Amino acid sequence: VLRSLGIPTRVITNFNSAHDRNINLSIDKYIDISGKTLHLTEDSVWNFHVWNESWFIRRDLGSFYDGWQVLDATPQERSKGIYQCGPASTRAIKEGDVNLDYDSSFVFAAVNADYVTWIHYSNKRKERIYSDTRKIGKFISTKAVGTNSRVDVTANYKYPEVKEISFKISCSQYKNSLMDDRKILVTAV
C-alpha cells in the first residue's frame, strides 16, 4: 500500500528476533537442576521475524530521526491500547533512544536483547549460568533492488558487537600502566 502511494518501502527480516514481553532487554530461559525447561516467562526468541521499513521525514521527532522507519503489520503486543508497531525510527533504535513514541523500545529489544539461562532452585533462589549478548538480532536483511540477493542492513539497527579477547600481561606491566596513568584498551574488529 505504501509503495502505491509513492513511499519507499522494503521488507526486513531479523534472524534470532527477541520477543521481550517485559521490556528488560533480557530473554530469560529458566531450567530446573535436571536441565528441564521451566515455563516461568513469556519471553521468546523466534528464528526470524519480518517487518517493513518505509522512508519518512519525522517532523514529530526531528530531522535526526528522518529515514527508514519500522512498521510491523503483525504486532505481537499492544501499544497505546491497540495492536500496532511503529513507525519506529531505525536511527532511534541504533542510538538506543527507546523513550520515543511508536515502539522503539520494543524493536530495540527485538534486535539487542541478551539471551540468559537461569537455574531455578526455588521461588527465592535462581542462578545465572549462561548469557549470550550476541545471539539476538543477526543478519538483519532486505532484498537487493533488481536482484534476488540479500542486503545486510544490521548496521542500520545496531553498532558492531565488540569481540572479547583474552590476553596476558605481566604484573609489572600492569603496575607500570597504572603508575603512568594510562589505560589498556584492546578492541578486536
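The rules we used
Residues numbered from 1 in each chain as written. Predicted model: local features only at pLDDT ≥ 70, side-chain atom pairs only at ≥ 80, totals over all residues. Heavy atoms only, no water. Pairing = 2+ DSSP bridges. Helix = DSSP H or I, 4+ residues; strand = E, 2+ residues; numbered from the N terminus. Contact = heavy atoms within 4.5 Å. Axes fitted to C-alpha atoms, helices over the stretch in contact; angles between N-to-C directions. Phe/Tyr/Trp six-rings, centres within 6.5 Å; stacked < 30°, edge-to-face > 60°. Buried < 20%, exposed > 50% of the residue type's maximum accessible area, 1.4 Å probe, protein only. Lys NZ or Arg CZ within 6 Å of the ring centre and 35° of its normal. pLDDT = per-residue confidence, 0-100. Core = buried A, V, L, I, M, F, W, Y, C linked by side-chain atoms within 4.5 Å.

Chemist: Tell me about the sheet that holds strand β11 (residues 138-143), and name the residues and values.
Modeler: Pairing is antiparallel in the open sheet, where six strands are placed in the order β8-β5-β4-β1-β11-β12. Single-partner strands in this sheet number two, and they are β8 (88-89) and β12 (150-152). Examined bridge by bridge, strand β5 (residues 67-71) and β8 share two bridges and lie antiparallel to one another. Within β8, the residue paired with Val 70 across the bridge is Ala 88. Packing of helix α2 (residues 104-112) onto the sheet brings it into contact with β1 (9-19), β4 (44-56), β5, β8 and β11, and relative to β1 it is tilted by some 65 degrees.

Chemist: I'd love a proper account of the packing of aromatic side chains, names of residues and values included.
Modeler: Counted according to the given criterion, the structure contains five aromatic pairs. Ring geometry for Trp 51 against Tyr 157: centres 6.0 Å apart, planes inclined by 55 degrees, an arrangement best described as tilted. Highlighted residues: Trp 51 in strand β4 and Tyr 157 in helix α3 (residues 154-157), separated in sequence by 106 residues. In terms of burial, Trp 51 and Tyr 157 fall into one category: buried. The cationic tip of Arg 125 hangs over the ring face of Tyr 121; the distance from NZ or CZ to the ring centre is 4.1 Å. In this structure, Lys 135 packs its charged tip against the face of Tyr 115, placed 3.9 Å from the ring centre.

Chemist: So, the confidence of the model for the protein chain: which residues are in play, and what are the values?
Modeler: Averaged over all residues, the pLDDT of the protein chain equals 83, while 81% of them reach at least 70. The secondary structure element of the protein chain with the lowest average pLDDT is helix α4 (residues 171-179), at 51, and the one with the highest is β12, at 96.

Chemist: I'd like a description of the nonpolar core, backed by residues and values.
Modeler: One finds Ile 12, Trp 51, Val 70, Cys 85, Ala 88, Ile 93, Val 107, Phe 108, Val 111, Ile 140, Val 153 and Tyr 157 forming the largest nonpolar core, which totals 12 residues. In terms of residue count, the dominant contributor to this core is α2 (three residues). Apart from the residues lying within four places of it in its own chain, the contact partners of Ala 88 are Trp 68, Gln 69, Val 70, Ile 93, Tyr 102, Asp 103, Ser 104 and Val 107. In terms of nonpolar packing, the next biggest core, distinct from the first, is built from five residues, Ala 18, Ala 113, Tyr 115 and Ile 136 among them.

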